[in-house]
Each structure stands twice: as structure tokens, then as C-alpha cells.
Amino acid sequence: MGIQDMLPYRTPNHKNKRLLDPHVVIIGAGASIAACKIDKNGKEVPILKNIHNVLGLTYEIEQYDFSDEQMADFEKLFSDIYGKKEYVDLQAKLEHEVCDYFSKLVIPDTPTLYDYLILSLTEKDAIISFNWDPFLIQAYRRNIIVGNLPELIFPHGNSGVGLCYDCKLKGYANCLCPNCFKDLEQMPLLYPIGKKDYNSKLIIKNEWNRARDVLSRAAGITVYGYGAPVTDIEAVELMKSANNISRMKDIAPFTIINLASNEEEQRKKWSDFYDVDMMLYCNHFEETMLWNNPRVSLETLFDAILQQQPRHTEKPFKKYSTLKELQDFVKTITEFDMCI
């Protein structure tokens, strides 16, 4: 009988001292606001609740005599009009304007928290984004020169992603398919309609399958600016089912990055998914192990806890003025540092 047979949880898969299981980061609107509240051209990054105000659609919506409660929450409003004949023109207008607005957002030239986030992880890891803005994919694109970057997964679709349905490839919006050289089509956005039918769109279904896979294997999870709203039924079910499969919640670190004012509510909400004894609450990305131990966050933790051999060398991030400075620093984190 091996040690794994005697334990009530699964120990991490590893090769030498390098973990094979992923660190998975789940991001929501709060992460985009923290990373880039105003884009390169001065455009505001909206949250879903106030998106119609930012896009200047409030007057047009008011012509339909919605209640104050509906007008105060775009998610509720869109759910109420979805699929109804009397609102077909309004629904089409909202969908077009939302996608058009997000697709025109541009990440600033200076390093953002999304650049740090992407460069804190490696290709075995994954970022699951529930955001429509293109900042994460834009940050990925400009950091690809560094190499060894995490997988990006978009269960709700994304305005920065293009698709080739013929070749079944995912790429950058407004680019050509690298295989057949046809124009990539805009990735569909999954709008707030209560229980979403993501199975009707094959590419969206595949994103959910990828999310389920990485979460079920995760050796650590970080939730950044995402509240798992009760209206997002599929996301809640996804995380609960993946957590049951993983069998690592007793030892896997679970980090929440959110506002101080949300701590009590967030801790209570996520305790339904993960072990409260492994939960760390942070108000800023700079307080996390991803910032303090980029690219080796989980290895550093598990060396200390499971191996009783804390790592002596650390290379934490610091604030850099230019993207090149950040990239040059990350290139100093060698394979030796990852496996020490």
C-alpha cells in the first residue's frame, strides 16, 4: 500500500520538484478594473451591471418603460428581454453595441496587472476569464516573446478572440487563420440570461470543457475579482463538480483577491466550494504568492508544507516602468529556479 492509498486527499503530481498540476486563476470584472480601468485611448472599462450607462444606451432602453430595478442592473434587464419578440430589435442592438465597444478597447503600453498575471504562470497553468474585454488576450499576445505562458480559457466568450470554424482553431480577433489564412470570425459572447445554453455553440462548449478539466486537476486556485454570482448557474455548477473530482481541496491553496469591503460575503460564498482552512483573502494582486514567487508559486508553497524544505531563493516581482523591463526580469527565472 502506497502513501496515497492512506490519505483522504490526492497529493500533487510532480516530476522531480516541478509540479505537473496547474495553478488555475479565475478572473472577473474586478480584475479588469484593477488592471486597466481606463484603456489606452481613455475609454472606460464597464462592469456588466452599468454597461448600458457607459455605452450611452440608457435613453434608448428607457423608451421601453422598464422598472427602476431592471434599469439598475443590465444583467437582469437582458435576462428579461432575451428571446421575446417585442424586444428583438433592442436585444440585437444591445448585443451589437456591447461587442463593438469591447472590441475597440486597447491595453495601455505600460505594464498592467494582466501582464504580471500572465508572466507569473507557466504553460501547465491556466487563466479562466469570464470577461468580455480583450485586455487579457492582448497582454498574452505582447508577452508571447517570453514563452512558457499559461492557457487562456473564455467560457463566456471574448471580444479579443477570433475563431476558424473550419480548422477548429482559436486565435486573435481581426487576424487570419494560421492554417487556412481565412479571416477569423468573432468569438461569440455569452450574454446574461440566467441558465445559459452554452452547448448550442461548439466553441463555447469546448471552453467550458477546458475549464472543467484544468479545475479538476488544479493544485491551487486563485480567484481575482470574480464573485461567482448566483445568476451564473453553469459557472457555479462547474466549480462544484470540478472540486469534487480534484480531491485536493484539503491541501490546495485557495486565494481570493477582492475588495476589503467584500471579504465577509466572499469568504462565505466560496466556503461552499473550498476548504476555509486553505483560504487566503487578499485585497491586491501584489499580496499573493503569484507576485512573490512568480512561475514557482505552488512549488514554493508545497516545498515548505509537504517537503519541509522551504526554498531559500526568491525572485518576487516589483513595479517596472516598461514592459521590456518586466519581460527581462521574467527571463531570469530559469528552469533551475523552477526545479530547485
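In what follows, the structure referred to is the one given above.
Rules and cut-offs
Residues numbered from 1 in each chain as written. Predicted model: local features only at pLDDT ≥ 70, side-chain atom pairs only at ≥ 80, totals over all residues. Heavy atoms only, no water. Salt bridge = Lys/Arg side-chain N within 4 Å of Asp/Glu carboxyl O. Buried < 20%, exposed > 50% of the residue type's maximum accessible area, 1.4 Å probe, protein only. Helix = DSSP H or I, 4+ residues; strand = E, 2+ residues; numbered from the N terminus. Core = buried A, V, L, I, M, F, W, Y, C linked by side-chain atoms within 4.5 Å. Contact = heavy atoms within 4.5 Å. Phe/Tyr/Trp six-rings, centres within 6.5 Å; stacked < 30°, edge-to-face > 60°. Lys NZ or Arg CZ within 6 Å of the ring centre and 35° of its normal.

1. Regarding the pattern of salt bridges
Once the charged atoms of two side chains with opposite charge are near each other, the side chains can pair.
Right, on to step 1. Scanning all chains against the criterion turns up 14 salt bridges.
Right, on to step 2. For Lys-124, the salt bridge goes to Asp-125, with nearest N and O atoms at 2.8 Å.
Right, on to step 3. The class for Asp-125 is buried, based on a relative accessible area of 5%.
Right, on to step 4. Between Asp-166 and Lys-182 there is a salt bridge whose closest N-O contact spans 3.0 Å. With a gap of 16 residues between them, Asp-166 in the loop between strand S6 (161-164) and strand S7 (169-172) and Lys-182 in the loop between S7 and strand S8 (185-186) connect regions that are remote in the sequence.
Right, on to step 5. According to the relative accessible area criterion, Asp-166 is exposed, its value standing at 55%.
Right, on to step 6. When salt bridges with common partners are traced through the structure, they connect Glu-151, Arg-210, Asp-213 and Arg-217 into a single cluster.

2. A short note on the nonpolar core
Right, on to step 1. If you look at the biggest cluster of nonpolar residues, it comprises 89 residues, and the most contacted ones within it are Ile-26, Met-239 and Trp-270.
Right, on to step 2. Those residues in contact with Trp-270 that sit more than four places away from it in its chain are Val-223, Tyr-226, Gly-227, Ala-228, Met-239, Phe-254, Ile-256 and Met-279.
Right, on to step 3. Of all hydrophobic cores here, the second largest spans 5 residues; its members include Ala-219, Met-289, Leu-298 and Phe-302.

3. Some details on the packing of aromatic side chains
The relation between two aromatic rings is expressed through the spacing of the ring centres and the mutual angle of the planes.
Right, on to step 1. Under the definition given, this model contains 18 aromatic pairs.
Right, on to step 2. Consider the rings of Phe-74 and Phe-78, whose centres lie 5.8 Å apart with planes at 40°: the pair is tilted. Of this pair, Phe-74 and Phe-78 both sit in helix H6 (residues 74-81), 4 residues apart, which is roughly one turn of the helix.
Right, on to step 3. According to the relative accessible area criterion, Phe-74 is buried, its value standing at 0%.
Right, on to step 4. The interplanar angle of 40° and the centroid separation of 6.1 Å between the aromatic rings of Phe-78 and Tyr-82 together place this pair among those described as tilted.
Right, on to step 5. Sitting over the ring of Tyr-101, Lys-43 keeps its end group 4.2 Å from the ring centre.
Right, on to step 6. Over the face of the ring belonging to Tyr-172 we find Arg-141, whose NZ or CZ atom lies 4.5 Å from the ring centre.

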